Amino acid sequence: MLPEDEHNKKLVSHVHPADWTNPTPSGKYNLVIIGAGTAGLVTAAAAAELGAKVALIERHFMGGDCLNVGCVPSKAIISAARVAASVKDAGQFGIHVPEGTEINFKQVMSRMRKLRSEISPHDSVERFSSLGIDVYLGQGEFIDSSHISVDDTQLHFSKAVICTGARASAPPIEGLDSIDYLTNETLFSLTELPKRIGIIGAGPIGCEMAQAFARLGSEVYLVEAADSILTKENPDAAAIIREQLINDGVKLMCGGKELKLSPADEQQIRMQVNSGECNHDITVDQLLVAVGRAPNTEGLGLEKVGVKYSKKGVVIDDHFRTTNKRIFAAGDICSPYQFTHAADFMARSVIRNALFFGRAKHSSLVIPWCTYTSPELAHVGLNPTEAEKRGVKIDTFTQPMAEVDRAILDGETKGFVCVHVKKGSDKIVGATIVANHAGDMIGSISIAMTQGIGLGSIANCIHPYPTQGEAIRKVGDLYNKTRLTPTVASIMKRLIDWQR
Ligand SMILES: Cc1cc2nc3c(=O)[nH]c(=O)nc-3n(C[C@H](O)[C@H](O)[C@H](O)COP(=O)(O)OP(=O)(O)OC[C@H]3O[C@@H](n4cnc5c(N)ncnc54)[C@H](O)[C@@H]3O)c2cc1C
């Protein structure tokens, strides 16, 4: 892990200690887990706590993408970038910061590495060993339906779980092979702020990093083949993020279907983009490729055990079982919901199904997600297009953040809370929130959806004033107003008149 400073040395000493000796297996395991990212760690810890004999295999770093090259480092950088943006905007609040305020990128990255190393004991070899789990560092590979090898050691299992995750995929872009480019595996090792950075892919990772690097002072060129950013999201929500990225100085090139890359002088990279009417010819110092994820299926010996897989990953049924009934899968390797919290909850379901004959279903999980731009964009459940495809008729209630007192006071009025209910009822089927803390707010809607709490009941729940979360209660009020039909209104009026 570069750079080899004290923080990264501490991180590696936790997640892949050089002096680690693999244990010697003693008999058959209830569960052998390949991959110690979120899915593998949660599966292993929960199974061991319940008394199972567990082996956990990791070829690289315990903690997987999330700790080492995903959520944790990206959010640390985003936090620093938010501070930079607040300082820049401080004048609006009457706070005048002296000209020439410096952003020290080296310190931003050093802080990130320090915090990552401080979080890492939680995912460490030492902690998982202390839970009674046999931790093996090395490449796991199936030999047959009851054995897995790690280097020269054979582990005998009753059930196995594939938690090998995914990695950045290399899209078929002309010239990509001819240049050195960054992915999430190398981005967080930067120690110098790129003066100009190109980012390919305006999905969640591309948008988060584009905004963060622009706020930290890079010239950012964000190229997206589609006509808009965050294409999986509600277009109104994505449009707000798009506007904010442009305000932050990101040069956005949507519709960039024709893209050619080539080396330029002094280790720079030339990007030739044809985005509809415009041709762009840009030279950048670094290029981040953030287009899609490829499942880690290679070298696992899946063919030997009859586990089917495709370019999308390992095929599972709704109960997380692969095409080999003794082998299960969880996390990015088998699910379109490629999030840490999704991996966590899939792992919990796998424990029930693999060890206790449970019937927990992938399709029953209510999985919210959030893109951590400013404002954040969070979503859960169905959007109107999906609802239509499934034949679910919906009513939609929207509360703009511009009418929420706390958002006004915070100067954070861009965004809305939009909740979809099953037509004619208050049963919530989905929601999108664009707000500065949308990721925290969407949790209330997820609770309502999982516990069957209707939108009308949310209106009856007292929220503290002034909070941005009140926007959700206000959506409940909007729903309740629709129940005040002319008949109900006239009965109420008569009742009031009678009391006079
Ligand atoms: C830049 C970035 C930012 C992100 N931000 C967020 C976020 O803010 N919130 C969020 O919810 N999600 C985020 N994610 C997604 C999140 O990181 C993943 O969904 C999560 O890590 C998936 O966990 P996993 O256990 O399925 O896989 P992984 O974390 O990929 O772990 C798989 C592990 O398996 C190991 N492995 C693979 N093959 C073998 C083998 N044959 N033998 C032994 N070991 C093997 C790998 O080395 C790896 O450690 C982000 C991802 C990226 C890239």
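Within any chain, residue numbers begin from 1 and follow the written order of that chain's sequence. With the structure being a predicted model, the display of local features is reserved for residues of pLDDT at least 70 and the display and counting of side-chain atom pairs for 80 or more, all residues being used for whole-chain, interface and lining totals. Hydrogens and waters are ignored; side-chain quantities use all the structure's heavy atoms.

Draft legend 1. A look at the environment of P172. Numbering of helices and strands starts at the N terminus; helices are DSSP runs of H or I of at least 4 residues and strands are runs of E of at least 2. Within the secondary structure, P172 is located in the loop between strand 7 (166-168) and helix 7 (184-187). Taking relative accessible area as the criterion, P172 reaches 87% and is therefore assigned exposed. C-alpha of P172 to C-alpha of K423: the two residues are 251 residues apart in sequence and 43 Å apart in space. The cut-offs for exposure are 20% and 50% of the maximum accessible area for each residue type, with area from a 1.4 Å probe on protein chains only; residues under the lower value are buried, those over the upper are exposed, and the others partly exposed.

Draft legend 2. Region of the structure containing a nonpolar patch on the surface. Patch building starts from residues that exceed 30% relative accessible area and form no salt bridge, then joins like charges within 9 Å and nonpolar side chains (Val, Leu, Ile, Met, Phe, Trp, Tyr) within 5 Å. Using a 1.4 Å probe, accessible areas were evaluated by the Shrake-Rupley method; residue-level cover was limited to the displayed protein chains. Salt bridge, as applied in this entry: a Lys or Arg side-chain nitrogen positioned within 4 Å of an Asp or Glu carboxyl oxygen. Side chains of V83, V87, F93, I95 and V97 sit close together on the surface and give an oily, nonpolar patch of about 420 Å² of accessible area. With respect to the element layout, V97 can be found in the loop between helix 4 (71-89) and helix 5 (105-119). According to the relative accessible area criterion, V97 is partly exposed, its value standing at 34%.

Draft legend 3. Here's a closer look at the site of the ligand. Only heavy atoms are used to decide nearness, and a residue is near a molecule or strand if one of them lies within 4 Å of it. As a structural note, the neighbourhood of the ligand is formed by 38 residues, with A39, E58, K75, D332 and T340 the closest of them. Backbone polar atom of D65 to an oxygen atom of the ligand: 2.9 Å apart, as the coordinates give it. In the complex, 94% of the free accessible area of the ligand, which totals 1,000 Å², lies under the protein chains. Contributions of two or more residues to the shell around the ligand are made by helix 2 (38-49), strand 2 (54-58), helix 3 (64-69), helix 4 and helix 10 (340-355). The dominant element in the shell around the ligand, judged by the number of residues it contributes, is helix 3, at 4 residues. Split into classes, the residues belonging to the shell around the ligand amount to 15 nonpolar, 17 polar and 6 charged. Polar contacts here mean pairs of N or O atoms no more than 3.5 Å apart (in protein, one a potential hydrogen donor and the other a potential acceptor; neighbouring residues in sequence count only if both atoms are side-chain atoms). All residues other than Ala, Val, Leu, Ile, Met, Phe, Trp, Tyr, Cys, Pro, Asp, Glu, Lys and Arg, Gly among them, are scored as polar; the first ten of these are nonpolar and the last four charged.

Draft legend 4. Representation of the packing of helix 2 against helix 10 in the model. Only the stretch in contact is used when a helix axis is fitted, and all axes are lines through C-alpha atoms; the angle between N-to-C directions ranges over 0 to 180 degrees. Running from N to C, helix 2 and helix 10 point in directions that differ by 40°, and their axes come no closer than 8 Å. In terms of axis orientation, helix 2 runs oblique to helix 10. Considering how the two elements wind past one another, helix 2 and helix 10 form a crossing that is right-handed. Across the interface between the two elements, T38, A39, V42, T43, A46 and A47 from helix 2 touch T340, A343, D344, A347, R348, V350, I351 and L355 from helix 10. For this classification, under 35 degrees means roughly parallel, over 145 means roughly antiparallel, 65 to 115 means roughly perpendicular, and everything else is oblique. Should the near helix be turned anticlockwise from the far one by less than a right angle, the crossing is termed left-handed; should it be turned clockwise, right-handed. In this description, contact between two residues means that some pair of their heavy atoms is separated by no more than 4.5 Å.

Draft legend 5. Geometry of the packing of helix 4 against helix 8 (residues 204-216). Between helix 4 and helix 8, whose axes approach to 8 Å, the crossing angle comes to 45°. One way to sum up the angle between helix 4 and helix 8 is to call them oblique. By crossing handedness, the relation of helix 4 to helix 8 is classed as left-handed. Touching S74, K75, I77, I78, A80, A81, R82, A84 and A85 of helix 4 are E208, M209, A212, R215 and L216, all from helix 8. For the contact of helix 4 with helix 8, the per-class residue count stands at 9 nonpolar, 1 polar and 4 charged.

Draft legend 6. Here's a closer look at the state of the cysteines. Note on disulfides: each one is a pair of cysteine sulfur atoms within 2.5 Å. Here the structure, examined in full by the defined rule, presents 0 disulfides. The thiol of C334 is not disulfide-bonded; the next cysteine sulfur, from C163, is found 7.9 Å away. Here C418 stays unpaired: no disulfide links it, and the sulfur of C370, its closest cysteine neighbor, is 16 Å away. Residue C418 is classed as buried on the basis of its relative accessible area of 6%.

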